[in-house]
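Descriptive structure summary
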Amino acid sequence: MRARECCGIVAINSKSSIAKKIFFGLKVIQHRGQEAAGIAVAKDMKITCVKSSGLVHEVFDKDTLERLEGNVGIGHVRYSTTGVKTADEAHPITATTSNGDIAICHNGEFVNAERVALEKKLSGYEGETDTEILARILVKELDTTSDPTRAISRTLSKLRGAYSLAILVGDRLFAARDPHGIRPLCLGRMKEGHVVASETPILDLLEAEFIRDLKPGEIVEVGNDLAKSFEMARPEHTGHCMFEYVYFSRPDNLLDGRLVYDVRKRIGQILARENETNADLVVPVPDSGRAHAAGFADESGLPLVEGLIKNRFVERTFILPEQREREIGVLLKLNPIRSLVEDKKIVLVDDSIIRGTTMKKIVNILKKAGTGKVHVRVGCPPIRHPCYLGIDMKTRDQFVANDRSVEEIREEIGADSLAYVSLEGLVEAIDYPKEELCLGCLTGEYPVEIDGEKLRRRERLEDFTEKG
Ligand code: SF4
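Residues numbered from 1 in each chain as written. Predicted model: local features only at pLDDT ≥ 70, side-chain atom pairs only at ≥ 80, totals over all residues. Heavy atoms only, no water.

What to know about the overall build of the protein
We count it as follows: Counting from the N terminus, the helices are DSSP H or I runs at least four residues long and the strands are E runs at least two residues long. Two things to know: the radius of gyration comes from C-alpha atoms, and the globule rule equals 2.2 Å times the number of residues to the power 0.38. Any two residues whose heavy atoms approach within 4.5 Å are treated as being in contact. In summary, the charge assignment counts Lys and Arg as positive and Asp and Glu as negative, without counting His or the chain termini. Every charge is mapped to an atom, namely NZ of Lys, CZ of Arg, CG of Asp or CD of Glu.
Looking only at helices and strands, the protein has 16 helices and 25 strands in total. Taking 23 Å as the expected radius of gyration for a compact globule of 468 residues, we find that the protein reaches 22 Å, a close match to that expectation. Structurally, the protein occupies a C-alpha span of about 70 × 50 × 40 Å along its principal axes. Contacts in the protein between residues far apart in sequence, at least 24 positions, make up 69% of those at least 6 positions apart. Looking at the protein, you have 67 positive and 74 negative side-chain charges, and the mean spots of the two groups are 1 Å apart.

This is the structure in structure tokens:
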């Protein structure tokens, strides 16, 4: 398998042309993937697809959007996890069946795609992504039935993992969310049809009314006037990804009934409650730590000061795949306001620490600007385990927290003190029972069966103690 991805989806079925609407929708979720973008539209059972590597506005111009004629279509933004950046890997993935053309957009990751490909004797699958394998299985199923919902549910019943999907089968549009509800997907009503989207701010842009999130395990046929629903077998518990709340989603996203901004602010409040800090100011790492810092300032009574200024025209460093690109990215991205931080004891708040390289550089530039003390506070417990469910965190040695105590991490990033929100605090802020969340990258136990890893047990949170 070449690449796995965490991405964003927009799909629309309308009475009027939809390519531009999908284009604008993809721009709203550009943060979910910056390496490739694509749109497929269907007209008269024929699918036209344009996709390439690059940002949304680099892939599409007026001419390409005009070529995408049709009233039903799907779009995708993507980042790869292996550094391979070819247009072939961009979504939508298209194929031809005896029932017409199909196109697929996928956010998430199948953990057993290769095994299923082997069992089904799919030739040449070794070089394919998990979504390409899904497409091949779906093609086989569609060759045996004229009912696309049945073909999709049969296909998905063989695959395990995290998935939010938008699928065109001829002129018909389907959306599906995995039985654990790991990745987000919501449904909205437009003046002339329906929209399916990874995040609700797309609905705001399209002036669509929010209907609801897709239920875990739901397959929906999205028509002009109605959305027909089919439910797959569901596990006892969901496994919503905690990292969507902590980092990945936009703060104005309403995810499974929770405004992400509110969750992040609550995390900040709990972080302050758990870690009383002798400081003068709270400084957010822009933009990722803003809501957490607002909560920290609220709870602690310390003033919130924008001591770091962000260059808005540089990509998010975490999702740039090459180490060197990430390093340059940090230096391009942030500049401290010396007069605000000089000789001050500051609480520097960010959402999470993955590799630690970004935080180390931020601490360094603050120290160079004359900051008295830098107390780092983090809105996510130490990440020590890989994600197999659609976020680009694949190997343990990439994590600064791998085999390091909190004190050792503090030393590595050069901070005067370091504290993380507790696991219990994080769960309290997200406001789900812990067994309804995926906390796999924190605890090493996953809601989905993954070869070589532990399946989540019903252990008490206190059993996962922090090092140091
Ligand atoms: S392992 Fe972590 S990042 Fe991956 S789905 Fe679970 S909580 Fe999200």
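Observations concerning the domain arrangement of the protein
Note: interface size is frequently given as the accessible area lost on complex formation between the parts. Going by this rule: What fixes the domain bounds is an automatic or database domain assignment. What counts as buried area is the accessible surface, traced by a 1.4 Å probe, that two parts surrender upon association, with contributions from both included. Definition used for salt bridges: Asp or Glu carboxyl oxygen within 4 Å of a side-chain nitrogen of Lys or Arg. When residues are grouped by polarity, Ala, Val, Leu, Ile, Met, Phe, Trp, Tyr, Cys and Pro land in nonpolar, Asp, Glu, Lys and Arg in charged, and all others, Gly among them, in polar.
Split into domains, the protein comes out as domain 1 (8-235) and domain 2 (243-463). Inter-centroid distance (C-alpha atoms) of domain 1 to domain 2 is 31 Å. With 28 residues of domain 1 at the contact, the number on the domain 2 side is 27 residues. Of the roughly 2,600 Å² buried between domain 1 and domain 2, counting both surfaces, carbon and sulfur atoms make up 51%. At the junction of domain 1 with domain 2, the criterion picks out 5 salt bridges. Sorting the residues of the side of domain 1 that touches domain 2 by element identifies strand E6 (100-110), strand E7 (161-169) and strand E11 (209-213) as the ones contributing at least two each. Looking at the side of domain 1 that touches domain 2 residue by residue, the class counts come to 8 nonpolar, 10 polar and 10 charged.

What about the sheet that holds strand E9 (residues 186-190)?
Spelled out, the test is: Paired strands are those between which DSSP finds at least two bridges. To obtain an axis, a line is fitted to C-alpha atoms, over the contacting stretch when the element is a helix, and the angle between two such axes runs from 0 to 180 degrees between their N-to-C directions.
If you trace the 7 strands from one edge of the open sheet to the other, you get E3-E2-E4-E1-E10-E9-E11, paired in antiparallel fashion. This sheet does not close on itself; its edge strands, each paired only once, are strand E3 (46-53) and E11. Within the sheet, the average angular offset between the axes of one strand and its neighbour, ignoring direction, is 15°. Two elements, strand E1 (residues 8-14) and strand E10 (residues 193-197), share 5 bridges in a ladder whose sense is antiparallel. Within E10, the position partnered with Ser 14 by the bridge is Gly 193. With respect to the sheet, helix H1 (residues 19-28) is in contact with E1, strand E2 (36-43), strand E4 (72-78) and E9, its orientation differing from that of E4 by roughly 25°.

Regarding the environment of Ile 354
Tracing the chain through its elements places Ile 354 in the loop between strand E20 (345-350) and helix H13 (357-368). In this structure the C-alpha to C-alpha distance between Ile 354 and Asn 402, which are 48 residues apart in sequence, comes to 9.8 Å.

Quick look at the confidence of the model for the protein
Here is the rule we go by: The quantity called pLDDT is the predictor's confidence in a given residue, expressed from 0 to 100.
With 91% of its residues at a pLDDT of 70 or more, the protein shows a mean pLDDT of 90. pLDDT under 50 marks residues 1-5. Its contacts with residues more than four places away, or in other chains, come to 32 contacts. Of the regions scoring below 50 in pLDDT, residues 458-468 engages in 24 contacts with residues more than four places distant in sequence or in other chains.

So, the packing of aromatic side chains
For clarity, the cut-off: Only rings of Phe, Tyr and Trp enter the pairing, Trp through its six-membered ring, and a pair is recorded when the two centres are within 6.5 Å. The plane angle decides the type: under 30 degrees is stacked, over 60 is edge-to-face, the rest tilted. Burial classes: relative accessible area under 20% of the type maximum marks a residue as buried, over 50% as exposed, and values in between as partly exposed (1.4 Å probe, protein chains only). Whether a charge lies above a ring is judged from NZ of Lys or CZ of Arg, which has to be within 6 Å of the ring centre and within 35 degrees of the ring normal.
Applying the stated criterion across every chain, the model contains 6 aromatic pairs. Look at Phe 23 and Phe 60: their rings are 6.3 Å apart centre to centre, the planes differ by 80°, and that puts the pair in the edge-to-face class. One end of the pair, Phe 23, is in helix H1; the other, Phe 60, is in the loop between helix H2 (56-59) and helix H3 (62-67), and 37 residues separate them in sequence. In terms of burial, Phe 23 and Phe 60 fall into one category: buried. The ring of Tyr 432 has Arg 258 sitting right over it, with the charged end atom 3.6 Å from the ring centre.

As for the site of the ligand
Quick reminder of the rule: Working definition: residue near molecule or strand if any one of its non-hydrogen atoms lies within 4 Å of it.
Lining the immediate surroundings of the ligand are 13 residues, of which Arg 183, Cys 241, Cys 387, Cys 438 and Cys 441 lie closest. Residue composition of the shell around the ligand, by class: 11 nonpolar, 1 polar and 1 charged.

Remarks on the sheet that holds strand E22 (residues 417-420)
Pairing between the strands of a sheet is mediated by backbone hydrogen bonds and can be parallel or antiparallel. Judged by pairing direction, the sheet is parallel, and its 4 strands sit side by side in the order E17-E20-E21-E22 without closing on themselves. Two strands lie at the open edges of the sheet, namely strand E17 (281-284) and E22, each paired on one side alone. When strand polarity is set aside, the average angle formed by the axes of neighbouring strands in this sheet is 25°. For E20 and strand E21 (residues 373-378), the ladder comprises 6 bridges, and the chain directions are parallel. Counted as the bridge partner of Asp 350 is Val 378 from E21. With respect to the sheet, helix H9 (residues 260-274) is in contact with E20, E21 and E22, its orientation differing from that of E22 by roughly 125°. Along the sheet face, helix H14 (residues 406-413) touches E21 and E22 and points at about 125° away from the line of E22.

Considering the packing of H9 against helix H15 (residues 423-430)
Let me state the cut-off plainly: The sense of a crossing depends on the near helix, which, turned anticlockwise from the far helix by less than a right angle, makes the crossing left-handed and, turned clockwise, makes it right-handed.
H15 packs onto H9 with a crossing angle of 145° between their chain directions and a minimal axis gap of 8 Å. Considering only the axes of H9 and H15, their crossing is right-handed. Packed against H9, whose contacting residues are Val 263, Arg 266, Ile 267, Ile 270, Arg 273 and Glu 274, the element H15 presents Gly 425, Leu 426, Glu 428, Ala 429 and Ile 430 at the interface. The class makeup of the residues in the contact of H9 with H15 is 6 nonpolar, 1 polar and 4 charged.

Thoughts on the state of the cysteines
As a reminder, the rule being used: The rule for a disulfide is simple: a pair of cysteine sulfur atoms within 2.5 Å.
Inspection of the entire model under this criterion finds 0 disulfides. Cys 380 carries a free sulfur, and the closest cysteine sulfur to it, the one in Cys 441, is 6.3 Å from it. Judged by its relative accessible area of 1%, Cys 380 falls in the buried class.

What about the pattern of salt bridges?
With the rule as written, the count across this model stands at 29 salt bridges. Across the pair Arg 154 and Glu 141 runs a salt bridge whose closest N-O atoms are separated by 3.3 Å. With Arg 154 in helix H6 (residues 148-158) and Glu 141 in helix H5 (residues 130-142), the pair connects residues that are 13 residues apart, well separated along the chain. The salt bridge partner of Arg 234 is Glu 231, with a shortest N-O separation of 3.8 Å. Residue Glu 231 is classed as partly exposed on the basis of its relative accessible area of 40%. Overlapping salt bridges bring together Arg 32, Arg 183, Glu 199 and Glu 244 as one network.

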